[in-house]
Amino acid sequence: MDLTTIWPLFGLELRTPRLVLRPTRDDDFPGLVDAAVAGVHDPAVMPFSAPWTDQDPQTLARELARWHWSHRAGTRPEDWTIIFTVLRDGVPIGAQDVSAKNFPVIREVSSGSWLTRSVHGRGLGKEMRAAVLSFAFDHLGATQAVSAAAEWNASSLGVSRALGYVDDGIQPVEARAGEVTMHQRVRLTADAFVRPPWRLDTSGVAAARSFLGL
Ligand SMILES: CC(C)(COP(=O)(O)OP(=O)(O)OC[C@H]1O[C@@H](n2cnc3c(N)ncnc32)[C@H](O)[C@@H]1OP(=O)(O)O)[C@@H](O)C(=O)NCCC(=O)NCCS
């Protein structure tokens, strides 16, 4: 039996004009860690709800691997998170995740992402989010997508607004110990998705659907 028969998500691939997204493989860790250690955001602020980018490189590397492995191992039809490594010209530049609970009934996905700082502001964040939205709406049958970002996070909220999400309330998050940041929740319905001018190219969708119980 080959690896993609054992774990069909390893056969899944999403392709956009500039990017390839594939569920993280162990071989992606060195490149992903390099991309994260090179810097993901201004260290003065913390965009994430868990401050994983504050760690020293050795700890960050191990925790990044642990995070990806734990989500991979926990993925079942009733509760799943697919963390895609985002590659440009074959090099990991960040990660884009998509997750859902009770998806066959609820049909809602949530997403999160990061890119190494040197490539911010070139439309790549929008391109990778559009990729997982196209995958979720067109290939999995999602009807809603949600996300959230710190109220000051203009780039993440910029991606969301450019793709058609609308505000969906705020929530306080303890981003760094003892520090509360207000996060803006956003929501997108399938019919409001501002589609990119390209069509998503995919491999391995049928096997992934079956693995997710669809
Ligand atoms: C969030 C992130 C993935 C966005 O990716 P990006 O490649 O920098 O963003 P893009 O270039 O695709 O921008 C997409 C949209 O947001 C807008 N935007 C981007 N940066 C912006 C900024 N600083 N201020 C205002 N708008 C901004 C762009 O104009 C674009 O909208 P448009 O298509 O209508 O012009 C990336 O900046 C990142 O990794 N940030 C650090 C980690 C992080 O914050 N992750 C999210 C945690 S919730």
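Model, not experiment: these values are computed from the prediction.

**A few points about helix 3 (residues 57-74)**
Its 18 residues give helix 3 an end-to-end C-alpha distance of 25 Å, which sits within 8% of 26 Å, the value for a rise of 1.5 Å per residue. Regarding helix 3, the residues found buried are Leu60, Leu64, Ala65, His68 and Arg72. Seen from one end, helix 3 has its buried residues packed into an arc of 130°, which puts them on one side. Turned more than 90 degrees off the buried face of helix 3, the exposed positions are Arg62, Arg66, Trp67 and Ala73.

**Things to note about the site of the ligand**
Lining the immediate surroundings of the ligand are 22 residues, of which Leu115, Gly123, Gly125, Lys126 and Asn153 lie closest. Ser155 places a polar side-chain atom, nitrogen or oxygen, 3.2 Å from an oxygen atom of the ligand. Val159 is positioned with one of its backbone polar atoms (N or O) 3.3 Å from an oxygen atom of the ligand. Coverage of the ligand by the protein chains reaches 70% of its 940 Å² of free accessible surface. Listed by contribution, the elements that provide at least two residues to the shell around the ligand are strand 5 (108-115), helix 5 (124-140), strand 6 (144-150) and helix 6 (154-162). Broken down by element, the shell around the ligand gets its largest block of residues, six residues, from helix 6. Tallied by class, residues from the shell around the ligand come to eleven nonpolar, nine polar and two charged.

**Regarding the packing of helix 5 against helix 6**
Closest axis-to-axis distance for the helix 5/helix 6 pair is 9 Å, and the angle between their directions is 50°. What the angle tells us is that helix 5 and helix 6 run oblique. The element helix 5 and its partner helix 6 pack so that their crossing is right-handed. Side by side, helix 5 and helix 6 meet where Gly125, Lys126 and Arg129 of the first sit next to Ser156, Val159, Ser160 and Ala162 of the second. Split into classes, the residues belonging to the contact of helix 5 with helix 6 amount to two nonpolar, three polar and two charged.

**Focus: the sheet that holds strand 7 (residues 166-176)**
Within the open sheet, the nine strands sit side by side as 7-8-6-5-4-3-2-1-9. Their pairing is mixed. In this open sheet, the two strands that pair with only one neighbour each are strand 7 and strand 9 (201-203). This sheet shows a mean twist of 25° between the axes of neighbouring strands, independent of strand direction. As defined by bridge partners, strand 1 (residues 13-15) adjoins strand 9 across three bridges and the pair is classed as antiparallel. Bridge pairing in strand 9 places Leu14 opposite Thr202. Running over the sheet, helix 5 touches strand 1, strand 2 (20-23), strand 3 (79-88), strand 4 (91-101), strand 5, strand 6, strand 8 (179-189) and strand 9 and is turned about 160° from strand 5. Of the strands in this sheet, strand 6, strand 7 and strand 8 are in contact with helix 6, which crosses strand 8 at around 15°.

**Looking at the confidence of the model for the chain**
With 100% of its residues at a pLDDT of 70 or more, the chain has an overall mean of 98. Across the chain, the secondary-structure element scoring lowest on mean pLDDT is helix 1 (residues 3-6), at 96, and the one scoring highest is strand 1, at 99.

Cut-off values and rules
- Residues numbered from 1 in each chain as written.
- Predicted model: local features only at pLDDT ≥ 70, side-chain atom pairs only at ≥ 80, totals over all residues.
- Heavy atoms only, no water.
- Helix = DSSP H or I, 4+ residues; strand = E, 2+ residues; numbered from the N terminus.
- Expected span 1.5 Å × (residues − 1).
- Buried < 20%, exposed > 50% of the residue type's maximum accessible area, 1.4 Å probe, protein only.
- Arc of directions from axis to C-beta.
- Near = heavy atom within 4 Å.
- Polar contact = N/O pair within 3.5 Å; in protein donor to acceptor, adjacent residues only side chain to side chain.
- Areas by Shrake-Rupley, 256 points an atom, 1.4 Å probe, with all protein chains shown as cover.
- Nonpolar A, V, L, I, M, F, W, Y, C, P; charged D, E, K, R; others polar.
- Axes fitted to C-alpha atoms, helices over the stretch in contact; angles between N-to-C directions.
- Parallel < 35°, antiparallel > 145°, perpendicular 65-115°, else oblique.
- Left-handed = near helix turned anticlockwise from the far one by under 90°.
- Contact = heavy atoms within 4.5 Å.
- Pairing = 2+ DSSP bridges.
- pLDDT = per-residue confidence, 0-100.

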